[in-house]
Amino acid sequence: MTIFRRTLLDRRRALLWWALGFLALNLLTLSFFPTIRGQQDFDELVQQMPEALRAMFGMEQGISLASAAGYLWARLFSSLFTVLLVVYAIVGGAGLIGGSEEDGTLELLLANPVSRERVAIERALAFAAALAALTVVAALTLVALAPPFSALEGVNAGGLAVAFAGAFTLALLHGAVAFMGGAVSGRRGPGLAAGTVLAAGGFLAQGLLTAAGAPEWVSSLNPWYWYLKANLLAFGPRWEAVLPALVLAAAPVAAGVAVFRRRDLR
Amino acid sequence: MPDPAIETRGLTKRFGSLVAVDRLDLAVHRGEVFGFLGPNGAGKTTTIRLLLGFINPTAGSSLVLGRPGADPAARRRIGYLPADLAFDPRYTTSDLIEFFGSLRGGYDRPFTEALLERFALDPSRPVGDLSTGNRRKVGIVQAFMHRPDLYILDEPTSGLDPLLQQEFHRLVREEVARGATVFLSSHVLPEVEALASRVGILRRGRLVTVAAIDELRRKARQRIDIYTAGPPPRGLFERLPGVRAVSYHDGGVHLVVEGSVDAVIKAAAGLTVDRIHTPGQDLEELFLEYYQGGDA
């Protein structure tokens, strides 16, 4: 596990900054909640918005945006928190093989008695661990900071846990796709592109398809839909918010490793 | 006799229409220093990347210490110093030594500490803050730290000052005395002359000669430019032994001589010589000229 450990060590500084970023995001989001809490006009305003817009920002019929569950779901889980976690995963995933190969550092590492698959798999696992650690920090800081703002009132505890777990697996899936792009091409760019296309496409499609009244089976091709289709904080845990993305993430990693172990290095 | 340290059979690598390495048959014996010479772009680095399994051959095969280069069991016994050194700039030399040492299942600590001292390298500084020459030293330390059986060195002293080059040559000789094999790729003749016992010359991906270094020195051609006070008499040099090319101009004569230059110097003694210039200790020039005849 030398490479696993080294990969985590290499990322520790960036991870710390990201953790501070999530702490700030949580604090900022929470601190605005008291001004919105219980405001009926706010809900009326939201009701007048087009449905596509509402869906895109995680505002659902029947869940008041002025409630803790409605507010946190719309402000964090349907938007910035999940999107930022996905961005972290894409940037990191693309760098694991593609980035280090582009920088030229991978070749010297591979002159050591290690197989390519070992390097790729240990790095991928280490990055999954870093992503998990970041998610846990975000969850813990939210739970620790929420009480003074009464921001967890009426929030389903199991649903909250699943909301974080689901954001993690969704980000993991995007990171895996970015990893595959980098591992197949030996460059960072294709990995970033693959992850970004999935993220932007999925996030936009989630709002637009729902609003356009697309059939359920079309929407359900989208990993973002699995996670976002109903407010986890209000309605409680759903298994499909976590598991499918986790299982599916293994496929791009396996494909990336399979190509990487045989191809020419750049 | 044991397997050769490096053996290639018909090793070929094409990149599109470019044949970077062309049907290379090579055997490097255990315990020797083999100089792998050729101009830039001849395919030396591509050959090394094939040997280490970084790229796959289009045809043919190679074995390193009896195994494919991609086999970790072979790599454990190889020290590799690439021509283009790229380190993660955040690592200190210590980080790198510990990391690679752990991957290699241990390394020779006293030897490595002595190396750091010998090359005056501060192991606690991030590699990104080091000068090119110091980064090259880090490359040397990481290649030698586990005292492998086979060294694969690609342009090892580029960027080192002459004093450090000498120190590096001493280090290589010590390791050879211990029984290590060295595959030394270079385009600089003096370095290869100083270390290698046998030499292979690569040109446009093809191995054109494998010879002992002494034999090569006899065969190598030299350029001699003789500058005279007046126009030199035509016909003076053409028939002398060893002279392969002559071109006269008003201020002297340019010669290409194979082997001994004795006859040329004696003939020139009859002229009023202002200056003698012998350019081209650089292999590229020397050998390109040498092989121009072979092309026609």
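In this text, all values refer to a predicted model and were calculated from it rather than measured experimentally. (Residues numbered from 1 in each chain as written. Chains lettered and ligands numbered in written order. Predicted model: local features only at pLDDT ≥ 70, side-chain atom pairs only at ≥ 80, totals over all residues. Heavy atoms only, no water.)

### Brief notes about the overall build of chain A
Argument step 1. Secondary structure assignment for chain A yields 12 helices and 0 strands.
Argument step 2. Put simply, chain A runs from its N terminus to its C terminus through helices and strands in the order α-α-α-α-α-α-α-α-α-α-α-α.
Argument step 3. Against the compact-globule benchmark of 18 Å for 266 residues, chain A has a radius of gyration of 20 Å, which places it among compact chains.
Argument step 4. By the burial criterion, 52% of the 266 residues in chain A qualify as buried.
Argument step 5. Summed over all atoms, the accessible surface of chain A reaches about 11200 Å², with 70% contributed by carbon and sulfur.
Argument step 6. Each charge sign in chain A was given a centre, from 19 positive and 16 negative side chains, and these centres are 11 Å apart. (Helix = DSSP H or I, 4+ residues; strand = E, 2+ residues; numbered from the N terminus. Rg over C-alpha atoms; globule rule 2.2 N^0.38 Å. Buried < 20%, exposed > 50% of the residue type's maximum accessible area, 1.4 Å probe, protein only. Areas by Shrake-Rupley, 256 points an atom, 1.4 Å probe, with all protein chains shown as cover. Lys, Arg positive; Asp, Glu negative; His and termini not counted. Charge placed at Lys NZ, Arg CZ, Asp CG, Glu CD.)

### Let's talk about the confidence of the model for chain B
Argument step 1. The predicted model of chain B averages 90 in pLDDT, with 94% of residues at 70 or higher.
Argument step 2. Across the interfaces of the predicted complex, the ipTM metric reaches 0.91, alongside a pTM of 0.88. (pLDDT = per-residue confidence, 0-100.)

### As for the pattern of salt bridges
Residue and element names in this part refer to chain B.
Argument step 1. Under the definition given, this model contains 28 salt bridges over all chains.
Argument step 2. Here Asp108 makes a salt bridge to Arg147, at a shortest N to O gap of 3.8 Å. Highlighted residues: Asp108 in the loop between helix 3 (93-103) and helix 4 (109-118) and Arg147 in the loop between helix 5 (132-144) and strand 6 (150-154), separated in sequence by 39 residues.
Argument step 3. Residue classification places Asp108 among the partly exposed positions, given a relative accessible area of 25%.
Argument step 4. A salt bridge links Arg244 to Glu258, with the nearest nitrogen and oxygen atoms 3.6 Å apart. Here the residue Arg244 occupies a position in strand 11 (residues 243-249), and Glu258 occupies one in strand 12 (residues 252-258), the gap between them amounting to 14 residues.
Argument step 5. Looking at Glu258, the relative accessible area reads 24%, which means it is partly exposed.
Argument step 6. Taken together, the salt bridges that share partners define one network made up of Asp108, Arg147, Glu175 and Arg178. (Salt bridge = Lys/Arg side-chain N within 4 Å of Asp/Glu carboxyl O.)

### Observations concerning a nonpolar patch on the surface
All names here are of chain A.
Argument step 1. Together, Leu16, Trp17, Leu20 and Leu23 give the surface a local cluster of nonpolar side chains, amounting to about 420 Å² of exposed area.
Argument step 2. Here Leu23 lies in helix 1 (residues 2-36).
Argument step 3. The class of Leu23 is partly exposed, set by a relative accessible area of 32%. (Patch = residues over 30% accessible without salt bridge, like charges linked within 9 Å, V, L, I, M, F, W, Y side chains within 5 Å.)

### Points about the interface of chain B and chain A
Argument step 1. Taken residue by residue, the interface counts 24 residues in chain B and 23 residues in chain A.
Argument step 2. Between chain B and chain A lies a buried interface of about 2100 Å² when both sides are counted; carbon and sulfur atoms form 55% of it.
Argument step 3. Together, Phe54(B), Arg75(B) and Leu103(B) form the three largest contributors to the area buried by chain B at its contact with chain A, with a combined 29%.
Argument step 4. Summed over the shared surface of chain B and chain A, the result is 2 salt bridges.
Argument step 5. Among the salt bridges present, the one from Arg49(B) reaches Glu107(A), with a minimum N-O distance of 2.8 Å.
Argument step 6. On the surface where chain B and chain A come into contact, there are 16 residue pairs in polar contact (both at pLDDT 80 or more).
Argument step 7. Among the secondary structure elements, those contributing two or more residues to the side of chain B that touches chain A are helix 2 (72-75) and helix 3 of chain B.
Argument step 8. With 5 residues, the top contributor of residues to the side of chain B that touches chain A is helix 3 of chain B.
Argument step 9. Of the residues contributing to the side of chain B that touches chain A, the split by class is 12 nonpolar, 4 polar and 8 charged. (Contact = heavy atoms within 4.5 Å. Buried area = accessible area lost by both parts, 1.4 Å probe. Polar contact = N/O pair within 3.5 Å; in protein donor to acceptor, adjacent residues only side chain to side chain. Nonpolar A, V, L, I, M, F, W, Y, C, P; charged D, E, K, R; others polar.)

### Brief notes about the environment of Val64(B)
Residue and element names in this part refer to chain B.
Argument step 1. Summarising the element assignment, Val64 is placed in strand 4 (residues 59-64).
Argument step 2. In the structure, Val64 is positioned 59 residues away from Ala5 in sequence and 5.8 Å away in space, judged by C-alpha atoms.
Argument step 3. If we skip the residues at most four places from it in the chain, Val64 touches Ala5, Leu51, Gly69, Ala74, Ile78 and Leu150.

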